[in-house]
Amino acid sequence: MITLENIKHFIAIVDYNGVNKAASRIYLSASSLTRSVQIIETGIGKKLFNRVGKNVLLNEDGKQFYQEAMKLIANYDNLLNFSETLTDELTGNFAIGASHFLASHYLPSRLKKMNQTHKKAVFSVFALDTSLLIKKVHNGEIDMGVVFSPKESLSIESETLFTGTLYLCGRKNHPLMSKTFPQLKKEINNYPATIHRPHDSVERCDNHPAFLENDIVPQIETYWDSDLFAKEILAQSDAWSMMPDVVIDSDPRIAKFSHPKNWTAPYEVKLIWNKNKPLHALRNALFV
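Computed from a predicted model, the values in this text were never measured in an experiment.

Asker: Can you help me understand the overall build of the protein chain in this one?
Answerer: Tallying secondary structure elements over the protein chain gives 12 helices and 11 strands in all. A principal-axis box enclosing the C-alpha atoms of the protein chain has dimensions of 70 × 60 × 30 Å. By residue count, 45% of the 288 residues in the protein chain fall in the buried class. Of all intrachain contacts in the protein chain linking residues separated by at least 6 positions in sequence, the fraction that spans at least 24 positions is 75%. Carbon and sulfur atoms form 52% of the exposed surface of the protein chain, whose accessible area is close to 14900 Å². With 33 positive and 31 negative side-chain charges, the protein chain shows a spacing of 1 Å between the two charge centroids.

Asker: What is the right way to look at unusual backbone geometry in this model?
Answerer: Most peptide bonds take the trans configuration, and most residues that are not glycine carry a negative phi. In this model, S149 sits at a positive phi of 45 degrees, which is unusual for a non-glycine residue. Following the sequence through the fold, S149 ends up in the loop between β5 (144–148) and β6 (156–171). Of the residues examined, S149 reaches a relative accessible area of 15% and is grouped as buried. Not every positive phi belongs to a glycine, and D215 is a case in point at roughly 55 degrees. When you line up the elements, D215 lands in the loop between α9 (209–213) and β8 (220–224).

Asker: Teacher, can you tell me more about helix α1 (residues 4–15) here?
Answerer: Quick reminder: α-helices carry 3.6 residues per turn. Residues three or four places apart thus point the same way. Between the first and last C-alpha of α1 there are 16 Å, a value that for 12 residues agrees with the 16 Å anticipated at 1.5 Å per step. Within α1, 9 of the 12 residues are buried, which leaves the element mostly enclosed by the surrounding structure. What α1 keeps buried is the set N6, I7, K8, H9, F10, I11, A12, I13 and V14.

Asker: Sorry, what's going on with the environment of I96 here?
Answerer: Its place among the elements puts I96 in strand β3 (residues 92–99). Among the residues examined, I96 registers a relative accessible area of 0% and is labelled buried. Through-space distance from the C-alpha of I96 to that of K47 is 42 Å; in sequence the pair is 49 residues apart. Sequence-distant contacts of I96, defined by excluding residues within four places in its chain, comprise L107, L111, M114, F123, S124, V125, F126, I142, M144, L282 and L286.

Asker: How should I be thinking about the nonpolar core in this particular structure?
Answerer: A general trend in soluble globular proteins is that nonpolar side chains are found buried together. Judged by nonpolar contacts, the single largest core of 54 residues is most densely connected at F123, V146, L168, W240 and L282. When near neighbours in sequence (up to four residues on either side) are disregarded, W240 contacts L168, C169, I188, Y191, P192, A193, T194, F211, I216, P218, L234 and F257. Ranked by size, the runner-up nonpolar core spans 19 residues in total, among them I11, Y16, A22 and I73.

Asker: What exactly am I supposed to notice about the pattern of salt bridges here?
Answerer: Side chains that carry opposite charge are capable of pairing whenever their charged atoms lie near each other. Throughout the structure, instances matching the rule amount to 13 salt bridges. We note a salt bridge from R253 to D251, for which the minimum N-O separation is 2.8 Å. For D251, a relative accessible area of 7% puts it in the buried group.

Asker: Help me understand the side chain of H9, please; the structure alone is not making it clear to me.
Answerer: Mapped onto the secondary structure, H9 falls in helix α1. Only 2.6 Å separates the side chain of H9 from the side chain of S36, close enough to count as a polar contact. Sequence-distant contacts of H9, that is, excluding residues within four places in its chain, are made with I26, L28, S32, L33 and S36.

Asker: Looking at this structure, I do not really get the packing of aromatic side chains. What am I missing?
Answerer: Aromatic ring pairs are reported here in terms of the distance separating the ring centres and the angle at which the planes meet. Applying the stated criterion across every chain yields a total of 9 aromatic pairs. Centre to centre, the rings of F10 and Y66 are 6.4 Å apart; their planes meet at 65 degrees, and the pair counts as edge-to-face. Taken together, the residues span a long stretch of sequence, with F10 in helix α1 and Y66 in helix α4 (residues 60–84) at a distance of 56 residues. Here F10 and Y66 have matching classes, each one buried. When the ring of F101 is compared with that of F148, the centres are 6.5 Å apart and the planes differ by 35 degrees; the resulting orientation is tilted. Here F101 is found in helix α5 (residues 100–105), whereas its partner F148 is found in strand β5, with 47 residues between them in sequence.

Asker: Sorry, what's going on with helix α10 (residues 227–235) here?
Answerer: Residues D227, A230, K231, I233 and L234 constitute the buried set of α10. Summarising the axial view, the buried residues of α10 lie within an arc of 160 degrees, below the 170-degree limit, and thus occupy one face.

Asker: Help me understand the packing of α1 against helix α2 (residues 19–26), please; the structure alone is not making it clear to me.
Answerer: Two packed helices can be described by the angle between their axes and the distance between those axes. The contact between α1 and α2 brings their axes to 8 Å, and the two run at 115 degrees. The handedness of the crossing between α1 and α2 is right-handed. Residues H9, A12 and I13 of α1 pack against V19, A22 and I26 of α2. Within the contact of α1 with α2, the residues separate by chemical class into 5 nonpolar, 1 polar and no charged.

Asker: Would you take a moment to explain the environment of Q183 for this structure?
Answerer: In this structure, Q183 sits in helix α8 (residues 181–187). Taking C-alpha positions, Q183 is 9.7 Å from S258, a pair spaced 75 residues apart along the chain.

What counts, and at which threshold
- Residues numbered from 1 in each chain as written.
- Predicted model: local features only at pLDDT ≥ 70, side-chain atom pairs only at ≥ 80, totals over all residues.
- Heavy atoms only, no water.
- Helix = DSSP H or I, 4+ residues; strand = E, 2+ residues; numbered from the N terminus.
- Buried < 20%, exposed > 50% of the residue type's maximum accessible area, 1.4 Å probe, protein only.
- Contact = heavy atoms within 4.5 Å.
- Areas by Shrake-Rupley, 256 points an atom, 1.4 Å probe, with all protein chains shown as cover.
- Lys, Arg positive; Asp, Glu negative; His and termini not counted.
- Charge placed at Lys NZ, Arg CZ, Asp CG, Glu CD.
- Expected span 1.5 Å × (residues − 1).
- Core = buried A, V, L, I, M, F, W, Y, C linked by side-chain atoms within 4.5 Å.
- Salt bridge = Lys/Arg side-chain N within 4 Å of Asp/Glu carboxyl O.
- Polar contact = N/O pair within 3.5 Å; in protein donor to acceptor, adjacent residues only side chain to side chain.
- Phe/Tyr/Trp six-rings, centres within 6.5 Å; stacked < 30°, edge-to-face > 60°.
- Arc of directions from axis to C-beta.
- Axes fitted to C-alpha atoms, helices over the stretch in contact; angles between N-to-C directions.
- Left-handed = near helix turned anticlockwise from the far one by under 90°.
- Nonpolar A, V, L, I, M, F, W, Y, C, P; charged D, E, K, R; others polar.

Now the structure itself:
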């Protein structure tokens, strides 16, 4: 029997242009996705893909099935949204996660208000590496997360809490602190870079467009998964990094380097949750 999960797997394969890419983005094995396609094709008695060389492409039946599948998912989401609006009172246990910095700087004030408003709810809070948090939200281990710049995912819903800018930074008395931006570009590679660890589920910093636009090639010495750890590295060395303005401004030991007026390196802090979970009330509690 064809299930909703089978259909979601099929949509993921189409949207991510292949089984392997889809598997890495929705944290499932390629064999599971292939099996879902086989179940659908057996159920409807039609092939959905044609193999052209090494590529697998949608055929006409596949394109039609994809259109109907998208309508089904939209109707399913509307039904979930309707059920979520029936109550705004939180009752029971909820797991909430955030990246390390956001867990210590954003969640405490939100949780204080939530505990005052929702007397029947108990909240468990997790401070995690962003990529691990996204995986746990996807798997349903954590109900809702607050993270920096996650990539779009078919299985995860997101809403922007606030935005800001990434800036080059270092300790307050760093040798580069007194340099103009043209001078900084010439000299920055004389100093080691400490950069957020790259992952497929998060916008990358190691090859950020701002580096390419300004001919900066970071000489990366350390990768980190916690802004709190990164600040300690910067405060105790000549390393530099590119970090969110809210992180830099939170520590008097760290400061922004000089930047041109046209500097562009935006980020978003987003609330994320699994699309399969009706969490309207929890979303409102965290967002408002």
